[in-house]
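This is what each chain is made of:
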Amino acid sequence: MRAQLAEAEQRAAQAAAERERAARQARADQDLFARAIGPTQPLRAHGRVVHAPAPTPPEPRQRALDEQAVLRESLSDEFDSSTLLHVDEHLSFRRPGIGADVTAKLRRGHWAVQGQIDLHGLRVHEAREALSAFVRDAMRTGLRCVRVVHGKGLGSPGRAPVLKAKVHGWLIQKKEVLAFVQAKPLEGGAGALLVLLAQPGR
């Protein structure tokens, strides 16, 4: 115990000596600087105003929480999309007022794919929120045609394409979605959709 106390006192003494050496060095540097520049005279007050730095804007956490809540609530998992899907060689959808030529053009690649989201490996609620955010961002940046990859469900229990039906229903509920068709085999086939979005401002 005594050895520990002695060691602590020694460390404290060394620290004090180091502080004293630093203070002496600082004073010596100030003296050297004063001798180098010669006599000086303080500036007279000239009415300068020192402004306080602008406060950091508050982080809009509540707005982010509200947006997340809207994303969760805007799409229902109980929506039955089967009554709105056109049964042709592939399941497709077009909103009322959109002609059949639109889905035909979409299938032929008339519009270039400008963006893509891959929902593979996501849980249903994660995929729903991700898809909603993707459509919102696509509309914000003016994208017209996008690809949504939902997978074929080969890794799901019972090999049932759970996300495929969900994605159909979610997209139909989005008023920004004008039409969608199944992608070509080289673009994902039964595991992906080509989606036509409304033009901003319309």
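The structure we're discussing is the one just above.
All of these numbers come straight from a predicted model, not from anything done at the bench. (Residues numbered from 1 in each chain as written. Predicted model: local features only at pLDDT ≥ 70, side-chain atom pairs only at ≥ 80, totals over all residues. Heavy atoms only, no water.)

Let's shift gears to the overall build of the protein chain. Broken down by element type, the protein chain carries 5 helices and 6 strands. Put simply, the protein chain runs from its N terminus to its C terminus through helices and strands in the order α-α-β-β-α-β-α-β-α-β-β. Long-range contacts, defined as pairs at least 24 residues apart, comprise 68% of the intrachain contacts of the protein chain with a sequence gap of at least 6. Of the roughly 14200 Å² of accessible surface on the protein chain, 55% is carried by carbon and sulfur atoms. (Helix = DSSP H or I, 4+ residues; strand = E, 2+ residues; numbered from the N terminus. Contact = heavy atoms within 4.5 Å. Areas by Shrake-Rupley, 256 points an atom, 1.4 Å probe, with all protein chains shown as cover.)

Okay, the packing of helix α4 (residues 124-140) against helix α5 (residues 162-173) next. With their axes 11 Å apart at the nearest point, α4 and α5 run at an angle of 40° to one another. One element, α4, and the other, α5, form an angle in the oblique class. Where α4 crosses over α5, the handedness of that crossing is right-handed. Contacts between α4 and α5 involve Val 124, Ala 127, Arg 128, Leu 131 and Val 135 on the former and, on the latter, Val 162, Leu 163, Lys 166, Val 167, Trp 170 and Leu 171. Of the residues assigned to the contact of α4 with α5, the class counts are 9 nonpolar, no polar and 2 charged. (Axes fitted to C-alpha atoms, helices over the stretch in contact; angles between N-to-C directions. Parallel < 35°, antiparallel > 145°, perpendicular 65-115°, else oblique. Left-handed = near helix turned anticlockwise from the far one by under 90°. Nonpolar A, V, L, I, M, F, W, Y, C, P; charged D, E, K, R; others polar.)

By size, the foremost hydrophobic cluster in this structure holds 22 residues, and its most contacted members are Leu 131, Val 167, Leu 171, Phe 180, Val 195 and Leu 197. Among the elements of the structure, α4, β4 (145-149), α5, β5 (177-182) and β6 (192-197) are those that each provide at least two residues to this core. Element by element, the count of residues in this core is highest for α4, at 6 residues. Leu 106, Cys 145, Ala 179 and Ala 183 belong to the second largest nonpolar core, which has 11 residues in total. (Core = buried A, V, L, I, M, F, W, Y, C linked by side-chain atoms within 4.5 Å. Buried < 20%, exposed > 50% of the residue type's maximum accessible area, 1.4 Å probe, protein only.)

The side-chain alternation of strand β3 (residues 115-118) yields one buried face, formed by Gly 115 and Ile 117, and one unburied face, formed by Gln 116 and Asp 118. Across 4 bridges, β3 lies against β4 in parallel orientation. Looking at β4, one finds that Asp 118 is bridged to Val 149. In terms of handedness, the path from β3 via α4 over to β4 forms a crossover that is right-handed. (Pairing = 2+ DSSP bridges. Right-handed = clockwise from strand over helix to strand, strands pointing away.)

Let us now look at the pattern of salt bridges. Tallied over the entire structure, the rule returns 6 salt bridges. The closest approach of N and O atoms between Arg 27 and Glu 20, which form a salt bridge, is 3.7 Å. Under the relative-accessibility criterion, Arg 27 is labelled partly exposed at 43%. Taking the shortest distance from any N to any O, the salt bridge between Asp 137 and Arg 136 comes out at 3.6 Å. The partly exposed category is assigned to Asp 137, whose relative accessible area is 33%. Residue class for Arg 136 comes out partly exposed when judged on its relative accessible area of 29%. Sharing partners across several salt bridges, the network here consists of Glu 20, Arg 24 and Arg 27. (Salt bridge = Lys/Arg side-chain N within 4 Å of Asp/Glu carboxyl O.)

In short, geometric facts, not functional conclusions.
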